[in-house]
Amino acid sequence: MKRIWIFGAGGIVVLALVAFGIVWFSPAAQDAVMRRVVAANIGVNDAVLAPDALHVVLCGTGSPMPDPERAQSCAAVYAGGKLFMIDAGLGGWDRLAAFQLPVGGLTGVLITHFHSDHISGLPDIALNTWAAGRREAMALYGPPGIEDVAAGFDLAYSHDDGYRIAHHGPDFFSAAGAQSRPIVVEVPDRDSAVTVFDEDGVRITAFRVSHEPVDPAYGYRIDYQGRSVVFSGDTGKDANIARFGAGADVIIHDALAPHMVALLEEGLAARGDRRAQVMHDIPDYHATPVEAAEVANQAGAKLLVYSHIVPRLPNALAHRVFLRGVSDVRPNGVMIGYDGLYLELPAGSDRIVQHDLR
Ligand SMILES: [Zn+2]
Ligand SMILES: [Zn+2]
């Protein structure tokens, strides 16, 4: 019996070596394998296009601090066949592409404010949605100043755009699609919520949050078929999130753990690293996890998702330290977001279905 088992195992090893040898040395076999890999990687995950739900995908839950696990600020909302991106941080596009989500029908990009980690991925979004079929200028919503951001990127990439059009032809890359179309969102004061978009049952509103000296900085709320998601943008603890996010199903809130950043400051200062001052300065314009939980409670939100996570959370202990004190305030309905979190909010229901796209 034992001999038969050894013979069988040996046979499997020999067969595996032969198969490996064929693929390693035969271009035809290599192409066959590659063809299968390509087919598996160019498919489209079109569950997010189902019209009877609000779909929220996090494509970047990090900050300007380098984090191999998190792209910079990026979210995508699919509603009624429309796609909005909320902020455009570096690396977010790569995540969306890796999740194989449909991206050709980009309706617009909503920018919360102009810190680099919220706009640095705009060229990737512009180029890839253009290649995927966007023929009109890319709609870019944001606070006053968005026209400068649009003009700056358009100018910086004008040579690149010209090369693409010349190489692939204007029928493929339309000249209009190379441009941005800035749409200035004016929110006159802290007491106003302004309608940014209202079409086919998708309603988007903007309101002011606290991120001084960045002013104005916006949060956005998206409502569709009785379901809703609120993006805080970057903000300290701000009653406007509870006020204009009242009754929201989901709040995506920035969060910085000051008790962890203080340790970073201490460590950098001990080494004489001038970036200790950055660690000293940043807690005053981001909410802590506990503060965001208090705000979500005031709003009556069903689910609070932390995003724009500072600092890095490389392991389970770091997650635990980050959440210190949260369970005292909000024992349920709270989670640390991650790149690849997809929340499906079906219409006519109060369910929030969590999917992991990683
Ligand atoms: Zn910011
Ligand atoms: Zn930021």
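Refer to the structure above for everything that follows.
Rules and cut-offs
Residues numbered from 1 in each chain as written. Chains lettered and ligands numbered in written order. Predicted model: local features only at pLDDT ≥ 70, side-chain atom pairs only at ≥ 80, totals over all residues. Heavy atoms only, no water. Buried < 20%, exposed > 50% of the residue type's maximum accessible area, 1.4 Å probe, protein only. Helix = DSSP H or I, 4+ residues; strand = E, 2+ residues; numbered from the N terminus. Pairing = 2+ DSSP bridges. Donors = N, O, S within 2.8 Å, 3.2 Å for Na, K, Ca; no water. Tetrahedral: all angles 85-135°; square planar, octahedral: opposite > 155°, others 65-115°. Disulfide = S-S within 2.5 Å. 1 Å grid on protein atoms, 1.4 Å probe; cavity = no way out; pocket = protein on both sides within 12 Å on 5 of 7 lines; lining within 4 Å. Points joined across faces, edges and corners; volume = space filled by probe spheres on them. Nonpolar A, V, L, I, M, F, W, Y, C, P; charged D, E, K, R; others polar.

A.B. asks: How do you make sense of the pairing of strand β12 (residues 303-310) when you look at a structure like this?
C.D. replies: Across a regular strand the side chains alternate sides, sitting on one face of the sheet and then on the other. Taking burial as the measure, the 8 residues of β12 include 8 buried ones, the bulk of the element. With 7 bridges joining them, strand β11 (residues 250-256) and β12 adopt parallel strand pairing. By the bridge assignment for β12, Asp-254 is matched with Ser-307. Pairing analysis gives 3 bridges linking β12 to strand β13 (residues 334-336), with the strands arranged parallel. Looking across to β13, one finds that Leu-304 is bridged to Val-334.

A.B. asks: Would you explain the coordination of the zinc ion (ligand 1) in this entry?
C.D. replies: Reference geometry at the metal: tetrahedral coordination by four donors gives ideal angles of 109.5 degrees; octahedral coordination by six donors gives 90 or 180 degrees. The zinc ion (ligand 1) binds to the protein through His-113 (NE2), His-115 (ND1), His-211 (NE2) and Asp-234 (OD), with metal-donor distances spanning 2.1 to 2.3 Å. Because the angles between the 4 donor atoms bound to the zinc ion (ligand 1) fall within 93 to 159 degrees, the donor set is best described as irregular. The metal-metal distance between the zinc ion (ligand 1) and the zinc ion (ligand 2) comes to 3.3 Å, with Asp-234 coordinating both. Separated by 119 residues along the polypeptide, His-115 in the loop between β4 (106-110) and α4 (116-119) and Asp-234 in the loop between β10 (227-231) and α8 (239-244) bring together distant segments of the chain. Owing to a relative accessible area of 25%, His-115 belongs among the partly exposed residues under this scheme. On the accessibility criterion, Asp-234 (2% relative accessible area) is buried.

A.B. asks: Where do I start with the coordination of the zinc ion (ligand 2) in this structure?
C.D. replies: Distances from the zinc ion (ligand 2) to its protein donors, Asp-117 (OD), His-118 (NE2), Asp-234 (OD) and His-308 (NE2), fall at 2.1 to 2.2 Å. For the zinc ion (ligand 2), the 4 donor atoms in the first shell make angles of 86 to 178 degrees at the metal, a pattern classed as irregular. Counting the intervening residues between successive donors of the zinc ion (ligand 2) yields the motif D-H-x115-D-x73-H.

A.B. asks: It is not clear to me how the state of the cysteines should be interpreted in this structure. Could you clarify?
C.D. replies: Here a disulfide denotes a covalent bond joining the sulfur atom of one cysteine to the sulfur atom of another. Evaluation of the coordinates by the stated rule reveals 1 disulfide. At a sulfur-sulfur separation of 2.1 Å, the disulfide partner of Cys-59 is Cys-74. Because the torsion about its S-S bond is -80 degrees, the bridge between Cys-59 and Cys-74 counts as left-handed. One end of the pair, Cys-59, is in strand β1 (residues 53-60); the other, Cys-74, is in strand β2 (residues 74-79), and 15 residues separate them in sequence. Residue Cys-59 shares its accessibility class with Cys-74, and that shared class is buried.

A.B. asks: I keep staring at empty space enclosed by the protein and nothing clicks. Help me out?
C.D. replies: In this approach a probe as big as a water molecule rolls over the atoms, and the regions it shows empty are the leftover space. Here the structure, examined in full by the defined rule, presents 1 cavity of 30 Å³ or more. Taken as a whole, the largest cavity spans an internal volume of roughly 160 Å³. Lining the largest cavity are 18 residues, with Ser-73, Asp-87, Phe-231, Ile-252 and Ser-307 sitting closest to its centre. Among the secondary structure elements, those contributing two or more residues to the lining of the largest cavity are β1, β2, β3 (82-88), β11 and β12. At 3 residues, β11 tops the list of elements feeding residues into the lining of the largest cavity. Grouping the constituent residues of the lining of the largest cavity by class yields 6 nonpolar, 9 polar and 3 charged.

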